[in-house]
Structure formats: C-alpha cells, structure tokens
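Residue-level structural notes
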Amino acid sequence: MFTVQLLSFYFSKLQEDPTKKVDRFLYSMRLHDDQLRDISARFLGEMTKGLSSESNATATVKMLPTHVRSTPDGSEKGEFLALDLGGSKFKVLQVKVREEAGKNSRRVEMEEQTYPMPKELLFGKGVELFDHVSECLKDFLHQKNISLDKKHPLGFTFSFPCQQTALNQGILINWSKNFRARGLQGKDVVQALRQAINRTGDMDVDVLALVNDTVGTMMTCGFDDQHCEVGLIIGTGTNACYMEQLCHIGLVEGDEGRMCVNTEWGAFGDDGALDDYITEFDREIDAASTNPGKQLFEKLIGGLYLGELVRLIVLKMTKLELLFNGNASSALKVKGKITTAHVAAMEEYKNGLRNTRDILLNLGLTPSHDDCIAVQQVSTVVSFRSSNLVAAGLAAILNRIRQNRKLKTLKITVGVDGTLYRTHPQYAKRLHKVVRRLVPDCHVRFILSESGSSKGAAVVTAVAQRLASQRRQVEETLSPFRLSQEQLGLVKVRMRAGLDAGLRNVSAPVKMLPAFVYRTPDGTEHGTYLALDLGGTNFRVLLVKIYSGLRRSVRLYNKIYSIPLEIMQGTGEELFDHIVQCISDFLDYMGMKNVHLPLGFTFSFPCKQSGINTGTLVSWTKGFKATGCEGNDVIDMLRDAIKRRNEFDMDIEAIINDTVGTMMSCAYEDPQCEIGLIAGTGSNVCYMEELRNIKKIATEEGSMEGGEKKEQEEWRAEGVEKKEDKGMEGEGKQGNGERKRMCVNTEWGGLGEDGCLDDIITHYDIEVDQASLNHGKQRFEKLTSGLYLGEIVRHVLLDLTRRGLLFRGYVTEALKTPGIFETKYLSYIESDHLALLQVRAILQKLGLDSTCDDSIIVKEVCETVSHRAAQLCGAGLAAVVDKIRENRGLEHLDITVGVDGTLYKLHPHFARVLQATVRELAPQCCVTFVLSEEGSGKGAALITAVAIQQKVEI
C-alpha cells in the first residue's frame, strides 16, 4: 500500500504545473499587499528617524539633505556644463537651455561625450580618478570648441552617498557600485574636483552644484513636468529622492520652503528591519558581495543582483532535483553567469520562453519545456518582488508628502531612470499597478527620464543660478525697508524734534493737539454714560456703567454699525445723520430712548480743541472724505444732527481721540499708564505732557504779543491756575488749582510731511501716497498703519512680478487691483504656524497662483514691510518716553503704555518688534505695555466721568 502511495505522489509531482512548483518553492518571495503595507510602514518610520538630527546617526536610511531647494519653474536659461560619474562610463555634457521664439517655453539642446573609466581607477587613488575626470572635461571643451573667455557654470552628478552642507559641497560617506578609490572617503568631492581642474589647467569652470543621480533624474523630468517632485532610480542600484518640507529636516537650519532629500534607501534593512523578509538566497548574495551587511534593500531590488539571485535559486532547485533532472552544468555554478539582462530577456512577452531556452542551453544545460517554464517563473518571482519592494518604498514617500501637505488627494509625478526600469519588459507596468493599489489617494504619473541624470545636473545648476539671481534681486528690492539702528536713531531724533515743534507751532506736521484731559482715572469715577466710537468703517455705540468703591468695575453694552463708503465720502450732514440714526437704534435696542445721559465721543481724527467738549476737525484720515466737516466743530455737527432727528437729547460732555481713550481705559487698571498707542488701521500716540511745555495753548488763538496775559485768561477759563515751576516737589499732584499736565494727542502720523523722512521712504511708499486720498499728508502713518501696509506689499509684489521674480512673471488683474492685498493677509501669512501650502492657499484666493518659492518670497516681503512699521513705531515711542523722562528730570522712568489696534493685537510679530525697538532706543526707560481690552469706548466714558468731576472741582 505504501509503495502505491509513493508512486502516486511521484507521478503527481511529475505532472505538477511548473509555475506552481516554483511558487511553492519561493513562497517567501511572493509578497501580498498586507506585507507590502507593512514594509511601507517600516520604511516610513525609518524616514522619520533619518530626518531627525537626534536619531540620524543611528538611522540606516540617512535621508541626506541635498540643498536643492526648488524644482524648475520653466524660466531657467543659459549654457551649462555637466559631469556624470557613477558607473563604468563617465559622461561630459554641454546643456543649452533656450527660450523658444514666440513661445512661453524653453527647449534644451545637449551635446555629450562618453569616456571609458579604466578599472584600475576604480580601485586606485582618488586623486588619479579625479585627474582623469578633469582631463576628460578638458578634452570635451576642446572637441566642442567651447570658448573659455567666460566662466562656465558646471553641475556634477556624483552617484554615491554624500553628506552635503551646501549645494556645491559634499563629503563622501562611502563608495558603492564597485568603486573603491582611496583617499576620498570623508573628503569633499567638489573640492577634489576643483583641485583636479586646477592641476589640469586652461579651464575656467565654476562648480555650482553636486547632484546625486536620483536628484538629477527628478530635476530632468521636472523641467518638463512641474508636478515632478520625486526621483527614482531602478538600475544597477536603486534609490529615491523627493521634496521634503524644510521644517522636518533636522540636519538643516531653517523652516521655510522645501528641500530635496536623497533617501539612500538602499541601506533600508541593514539594522535587521527586513530580516523576516530576507531569504537564504538573499543572505548568500550579501555574503558574497563586496560590502556584506550593507545595502540590503538594494540587494533585493537592484539590477546588479537580480541575475545572480536567479542563478542561485535555479542552482538550488537543480540540486534538489526539481530542475534539469538534478544535472547542474559547470557554467551554472559560476557566479555572474546569469545577468539581469538575461532576466529581462526571459520575461519578454512573446519570445520569453524561447529566450529562456537559449540562455539555459548556452549555460550547458538540457532543459525540458517544463524546466524553461519553471526558470522563467523564477525570473518572474524575483523581478516581481523587486518591483513590489520599490512600490512599498515609493508608497511611503508619497504618503508622507500627502500628509505633510495635509491633502486628501495628491497629484504628483515621479521621474524614473535606470536600466532595469527601462529594459525589463514588464517591470514598469507591475510597479505602476502596485503603487496605485497601495496609495489610492495619490494620483501618480510616472515619467521616464529621456536624458538621464546628466541633464538634471545642468538643470540643478540652472535652478541654482536662477535662485541666486532671484535672491540677489529680492534682497536689493527689500534692502531700503531694512532700517539700521543708526537710521532708527535718526527717526527717534526727528520724532522728538517734531514733538517739540508741535508743542510750539500750530502749523507743525506733528500737530500735538491738547486734549484738555488733565488727569487719568483715580477709581472714584462712577455713573452711567453713553459713548460713541468713530474711527474707521465701523461705528460703535456703547452704554457704559462705572462702579466705584468695593464694586469698582466697568460694564459695557455695545452695538456695532457699519459706515458705508458713500457716507464716508459724502457730505458731513449725511455722515452725522447716519451716526444719530445709529444712536437712535441703539437706544431703542436698550429701551432707553427717554433717558437723559452724559455722552463721550471718541472721534479718531485730528481735532483742534479749545476745551474738553469742543473739537474742530483739522483733516480727515483713514479713507474718510465727508465734505463740510474740516474746519468745523464736530460736536456742533453732532448736536445739529440730534436736533434734526428730534427723538432724544444728550449732554455731550467730552470729545476725545481713540488714543486718549485707550490711555484712559488702561489707566483705570494701571495708574502708571500715561501713554496711549494706537497701532491699527491708523497709527497715533498720546501722552501726559507738562502744561508748561504746551506753549501754543496761549498763542494759537492770537499773536504772541500779550500772549502771557491771554495764556492766563485761557487757562483760567479751563479752571487752570498758572504756577511757577517748583521743581520735582509735589510732582504728579494735580488737585484743584494745580493742574501741571495735560494729555496731548500727538497726531504723529503727520511726521515727514516736511520731508524729514525722505531718506527712508521708498518709491513703493511714494506710489502708495500718490494714490491715497490725502497725497503728501500723514507720511509717517502711511509707513506704519494697517490701512497702508497691505498696499505697500502689493506694490512690491507687482514690481517683483513685472521683473519676472514672482509668479513666473504673470501679472494678474488681481495683483493690479488697489486694496486687494489687505493688511490682515500679512498677519495670516507671517504666522509662525502657517505652512507654505496655506500661504499658497491665501494667495490663490487672491487670484495669485504661486509656487513654494513664490510663497517664500511673498512671506519675506510681508515680514520686511511689517517689521519696518513696528520698528518705526518703536522709534517714535522711544522719543515720547525719553521726552517724558527728561520733562520730569529723572535718570530712570517706569511707565506704562496702553495699546489698542488690530495690527498690534493680531499681527504675530508686530508687538514684539515694537517693544524690542523701544528697549534698544530708550534704555533709561522701563516701559510696560498693557493691551486695552475694552478699547477707546470705555475710555470715552471714563473721560466723560472725569470731565464731570472736573466741573464739580472747578
């Protein structure tokens, strides 16, 4: 019975499908999708490890930064030399990138010469190897009659692992692909090339870029497809590169933009990460290699090893009598007798089986038909595993890119080169199919590199040259905005001079308008008040309840109303009728139409006051242009509008500037607050000035003659007794009859109207000023306030685009539209946590289709313009605090600044830069900044309360 079973088993084996026999023998090489996903996840973990500066030293996948920061954008042009060293042959090329006549595109012309690489140089001295390279370059220049009258930029494709600290520098980590030249490992190969060129002589060459062949492939394909951000080599060896977010590359400083990372993925598994997938045949390949234990992933994939892997499997199957009746020829036992070219031939669509038979016959074997089918299946399993492993690694890269960019789906192109991918009849199709199955969220296009990595080296050089030129021109454009400490010191001096002139002279650019507020709140204020706040496109009406004593607090109720543009620029009567209509609506809303309340009016435009409840509008700012207002008392205009409506009555007790309101609001919480700063749509400062310094209170209504008497009369009319200065004794006491200080609304935005800032004003500022409603006015404000910063940025971007430095030189209608680049976009774009893809999304909303490089430049323009604005505000404020310190005869001043305004509140860096500038320019002053939480509306009510108290005191 046993004999019958044995014979049955034997005959079933004879009749078994040869492909199934091989599949069963090589079952561990047949990887299903779950295994591939597992390998992909392991590789993704190794990528993360290699990118970290903390774990890179122990990572097998080194993730080497290449310092290639940009793929081609289509604007590159010029003539470049390229060297390609990475195999048994060495190439020298001249690459000409030209603009096609009448077309918005480039074409590439290439001339190349291949030179043999003698085997003795692969194992000789490194100096001799590079001398040979240099001699070949010189021969090429002479052969092609390339002029040496000018310096030629050169890109060097060097297909070995290098640690790069710059684009034109690279320390050789180790040789691969049978190269073993002595004396170069650990040395800069670019420096070695330069020295060889100098020894050869008679060449004027500038080595601008060192490029791995994988990077060269990506750049070659990227020249034709701008979505190409991955490079893949599948040839003698294998490797991949891709564009990684710079913020994730721990070995490189900086976090803006992207950089190409050379993964050197061939070493994946060197730490045992793939031991459960490595077969006995792989171990035999590794043991017989020139670098045992190294490049294990490459040894499972690369063309250098696949033919030998097939030979070892066929030999083992023969020894087990599964092939050729157990008869192995002597040739089958010789290493290298089956090559990867044989593997490709065996898998041809129509002739594969015949090719397999011919190859086996040439090895001295006598194969049966089933033997040929089985050997062909061995080749298929080995090459299929290779493509599957590449697909797993590539899937990890694509998933990382998609996740980095926070995309649901990713559209991307992979540039591919390598003889295995090119010549194997089924490799590419298998790879594409598996990749798309492993990463269904990625729409992947594969492009075969027609010109190899050599063209890529020239393209990298062209991109580097473009970026260097672009960088230089952008720096030149932005340099006038970058103010030195000396320039900021001069702004401080000029602001101080402007403050002093304004205190003396009615017609000075810095108006220094007396606010007739003699003290800040002391906590005794109480009552219910109505407050109005007009300073921009929105108008607020507030009900403010102030509690004193143990319940000391302020409660606010408010409603916001819009001011339509046609009313902002209509007639004064229409404007104030609209304001009164809003008040009426608010009183209805609060159910207080018949309640008679004291009212404080925050009116954030320059007004000349002769008392706390009078204010003559000097000039409109911030886009307002209502006629019939300038030169008139706005309180009278408000009263007239209330009478016209005839629905309610109000006691208008005070008119204040928003800056004064901010100071008063913050002073209620901090008694040291004696300065108010607005950094928002507009820019302004107020502060408590010594009364003795406000000379124009006495002179602005009459001549200087008899001014002393008139001054006494006017002060007395305001309840002020003029006293002789009694020094610092009693400083700060301002009881009845001893008012020593008054708040002054500087209206510092007018600084520069006399030309004192012309040396720091750029032509972009001039363009913004000329297009404004108040040409020649408010020059300082136009450099520092939110109403103008976005427009300055737009003018800079428009100029850079017209010069071809941004958006590929395409000027959109959006970019030509005044006001489209609002200052809020500066705050968004400059956010520390905003990725460049989000910056691109903001620009796309504005109709600006940007690249990653464009986004970096736009962000830099925004940062430069806003940084200057903050510095100028800081310089102006330094002048104010130093003046207060000197006024009071102090060596050191402790003071608080109350601040309001969207620019200060919302911009991510404005406040920090402003404060740092004040510290640097006013070192004898300790300045605390307090943010006004309730804004100038609360301040208006507090001033109203203070004004009523002053009446009682008088």
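Each remark here, short or long, concerns the structure printed above.
Residues numbered from 1 in each chain as written. Predicted model: local features only at pLDDT ≥ 70, side-chain atom pairs only at ≥ 80, totals over all residues. Heavy atoms only, no water.

**Details of the environment of histidine 795**
Just so we agree on the cut-off: The secondary structure listing takes helices from DSSP runs of H or I that are at least 4 residues long and strands from runs of E that are at least 2 residues long, numbered from the N terminus. Throughout, a residue-residue contact means that at least one pair of heavy atoms, one from each residue, lies within 4.5 Å. Pairs of N or O atoms are called polar contacts if they sit within 3.5 Å, as long as, within protein, a hydrogen donor faces a hydrogen acceptor (for residues adjacent in sequence, only side-chain-to-side-chain pairs).
Mapped onto the fold, histidine 795 is located in helix α26 (residues 786-802). With 26 residues separating them along the chain, histidine 795 and phenylalanine 821 place their C-alpha atoms 9.6 Å apart. With sequence-adjacent residues up to four places away left out, histidine 795 is seen in contact with Tyr764, Glu767 and Val768. A distance of 3.5 Å separates the side chain of histidine 795 from the side chain of arginine 794, its partner in a polar contact.

**Structural notes on the pattern of salt bridges**
Our working rule: A pairing counts as a salt bridge when a side-chain nitrogen of Lys or Arg comes within 4 Å of a carboxyl oxygen of Asp or Glu.
Evaluated as defined, the whole model comprises 52 salt bridges. The network of salt bridges with common partners includes Lys492, Arg496, Asp500, Glu689, Asp882, Lys883, Arg885 and Glu886.

**As for the packing of aromatic side chains**
How we decide: The criterion for an aromatic pair is that two Phe, Tyr or Trp rings (for Trp, the six-membered ring) have centres within 6.5 Å, with stacked assigned to planes under 30 degrees apart, edge-to-face to planes over 60 apart and tilted to the rest. Summary of the burial criterion: residues with accessible area below 20% of their type's maximum are buried, those above 50% are exposed, and those between are partly exposed, where the area comes from a 1.4 Å probe applied to protein chains only. Distance and angle both matter: a charge sits over a ring if NZ of Lys or CZ of Arg is within 6 Å of the ring centre and within 35 degrees of the ring normal.
For the coordinates displayed, the defined rule picks out 25 aromatic pairs. Measuring from centroid to centroid gives 5.8 Å for phenylalanine 158 and tryptophan 175, while their planes differ by 65°, and the two rings are edge-to-face. Of this pair, phenylalanine 158 sits in strand β5 (residues 152-158) while tryptophan 175 sits in the loop between β7 (169-172) and α6 (189-200), placing them 17 residues apart in sequence. Judged on exposure class, the residue phenylalanine 158 and its partner tryptophan 175 are both buried. Pairing tyrosine 825 with tyrosine 828 gives two aromatic rings, centres 6.1 Å apart and planes at 70°, and the pair type is edge-to-face. Here the residue tyrosine 825 and the residue tyrosine 828 both occupy positions in helix α27 (residues 823-829), the gap between them amounting to 3 residues, near one helical turn. Looking at tyrosine 825, the relative accessible area reads 15%, which means it is buried. One aromatic cluster in this structure is built from Phe130, Phe156, Phe158, Phe160, Trp175 and Phe179. Over the ring of tyrosine 589 we find lysine 559; its NZ or CZ atom is 4.6 Å from the centre of that ring.

**Details of the packing of helix α2 (residues 18-25) against helix α13 (residues 369-404)**
Under the convention used in this document: The axes used here are C-alpha line fits, helices contributing only the stretch in contact, and every angle between their N-to-C directions lies in the interval 0 to 180 degrees. These descriptions rest on fixed angle ranges, namely under 35 degrees for roughly parallel, over 145 for roughly antiparallel, 65 to 115 for roughly perpendicular, and the rest for oblique. In this scheme, a crossing is called left-handed if the near helix is turned counterclockwise away from the far one by less than a right angle; it is called right-handed if the turn is clockwise. Polarity classes work like this: nonpolar for Ala, Val, Leu, Ile, Met, Phe, Trp, Tyr, Cys and Pro, charged for Asp, Glu, Lys and Arg, and polar for all others, with Gly in that last group.
In the contact formed by α2 and α13, the axes pass within 8 Å of each other and the chain directions differ by 40°. Our classification of the angle between α2 and α13 gives oblique. Along this stretch, α2 crosses α13, giving a crossing that reads as right-handed. From α2, Pro18, Thr19, Val22 and Asp23 reach across to α13, where they touch Asp370, Ile373, Ala374, Gln377, Val378 and Val381. For the contact of α2 with α13, the class distribution of residues is 6 nonpolar, 2 polar and 2 charged.

**Notes on the sheet that holds strand β1 (residues 64-65)**
Stated formally: We treat two strands as partners when DSSP finds at least two bridges between them.
If you walk across this open sheet you meet the 6 strands as β1-β11-β10-β9-β12-β13, and the pairing is mixed. Each edge of the open sheet carries a strand with a single partner, namely β1 and β13 (442-448). Of the strand pairs in this sheet, strand β9 (residues 228-234) and strand β12 (residues 410-417) are connected by 5 bridges, and their pairing is parallel. Looking at β12, one finds that leucine 232 is bridged to valine 416. The strands touched by helix α15 (residues 427-438) within the sheet are β9 and β13, with β13 carrying the most contacts at an inclination of about 165°.

**Let's talk about the nonpolar core**
One recurring pattern in soluble globular proteins: nonpolar side chains tend to sit buried together. Quick reminder of the rule: Here the nonpolar core consists of buried residues drawn from Ala, Val, Leu, Ile, Met, Phe, Trp, Tyr and Cys, with membership extended through side-chain atoms lying within 4.5 Å.
Of all hydrophobic cores here, the largest spans 117 residues; its most connected members are Ile675, Phe821 and Leu877. Of all hydrophobic cores here, the second largest spans 85 residues; its members include Met63, Ile278, Leu296 and Val343.

**Regarding helix α21 (residues 658-667)**
Most of α21 sits inside the fold, with 10 of its 10 residues counted as buried. Of all the residues in α21, the buried ones are Asp658, Thr659, Val660, Gly661, Thr662, Met663, Met664, Ser665, Cys666 and Ala667.

**Considerations on the sheet that holds strand β24 (residues 741-745)**
As summarised here, the arrangement of the 6 strands in space is β14-β24-β23-β22-β25-β26, forming an open sheet in which the pairing is mixed. This sheet does not close on itself; its edge strands, each paired only once, are β14 (513-514) and β26 (925-931). As paired elements, strand β22 (residues 673-679) and strand β25 (residues 893-900) share 5 bridges and run parallel to each other. Opposite glycine 676, over in β25, you have glycine 898 as the bridge partner. Along the sheet, α21 contacts β22, β23 (683-690), β24, β25 and β26; its crossing angle with β22, the most-contacted strand, is approximately 130°. Against the sheet, helix α31 (residues 910-921) touches β22 and β26, its axis set at about 160° to β26.

**Re α2**
Our working rule: As used here, the arc is the angular range of directions from the helix axis to the C-beta atoms.
For α2, the full list of buried residues reads Pro18, Lys21 and Val22. Seen from one end, α2 has its buried residues packed into an arc of 95°, which puts them on one side. For α2, the elements touching its buried residues are α10 (303-319) and α13.

**Regarding the packing of helix α17 (residues 485-504) against α31**
Two elements in contact, α17 and α31, have axes separated by 11 Å at closest approach and are oriented at 80°. Relative to α31, the element α17 lies roughly perpendicular. Contacts between α17 and α31 involve Gln485, Leu488, Gly489 and Lys492 from the first element and Thr917, Glu920 and Leu921 from the second.

**Quick notes on the side chain of arginine 466**
Within the element layout of this structure, arginine 466 appears in helix α16 (residues 452-478). A distance of 3.4 Å separates the side chain of arginine 466 from the side chain of serine 70, its partner in a polar contact. Setting aside residues up to four positions removed in sequence, arginine 466 forms contacts with Ser70, Thr71, Pro72, Asp73, Ser75, Glu76 and Asp853.

**Quick look at the environment of isoleucine 697**
Its location among the elements puts isoleucine 697 in helix α22 (residues 696-699). For isoleucine 697, a relative accessible area of 4% gives the class buried. Separated by 191 residues in sequence, isoleucine 697 and valine 506 place their C-alpha atoms 9.4 Å apart.

**Section: the environment of phenylalanine 586**
Inspection of the secondary structure puts phenylalanine 586 in helix α19 (residues 572-590). On a C-alpha basis, the gap between phenylalanine 586 and tyrosine 561 in space is 9.7 Å, while along the polypeptide they are 25 residues apart. When neighbours within four sequence positions are excluded, phenylalanine 586 is seen to be in contact with Leu530, Val541, Leu542, Leu543, Tyr557, Asn558, Lys559 and Tyr561.

**Describing the state of the cysteines**
For the record, the criterion: Cysteine sulfur atoms that pair up within 2.5 Å are treated as a disulfide.
Per the counting criterion, the structure on display carries 0 disulfides. You can see cysteine 629 has no disulfide; the closest cysteine sulfur is in cysteine 607, sitting 10 Å from it. A residue is classified by how much of its surface remains accessible, and cysteine 629, at 0% relative accessible area, is buried. Just so you know, cysteine 666 is unpaired, no disulfide at all, and the nearest cysteine sulfur is the one on cysteine 673, 5.0 Å from it. For cysteine 666, a relative accessible area of 4% corresponds to the buried category.

**Re the pairing of strand β11 (residues 258-262)**
For β11, the buried fraction is high: 5 of the 5 residues fall into the buried class. Alternating positions in β11 separate into two faces, Arg258, Cys260 and Asn262 on one and Met259 and Val261 on the other, with burial throughout. Two strands pair when backbone bridges link them, and β1 and β11 are joined in this way by 2 bridges, in the antiparallel orientation. Bridge pairing links leucine 64 to asparagine 262 in β11. Here strand β10 (residues 238-245) pairs with β11 via 5 bridges, running antiparallel. Of the residues in β11, the one forming a bridge with cysteine 241 is asparagine 262.

**Section: unusual backbone geometry**
A positive phi angle, near 55°, is found at asparagine 325, a position not held by glycine. By the secondary structure assignment, asparagine 325 is in the loop between α10 and α11 (340-346). Residues other than glycine seldom take positive phi values, yet methionine 512 does so here, at roughly 50°. Position of methionine 512 relative to the elements: it lies in the loop between α17 and β14. On the accessibility criterion, methionine 512 (0% relative accessible area) is buried.

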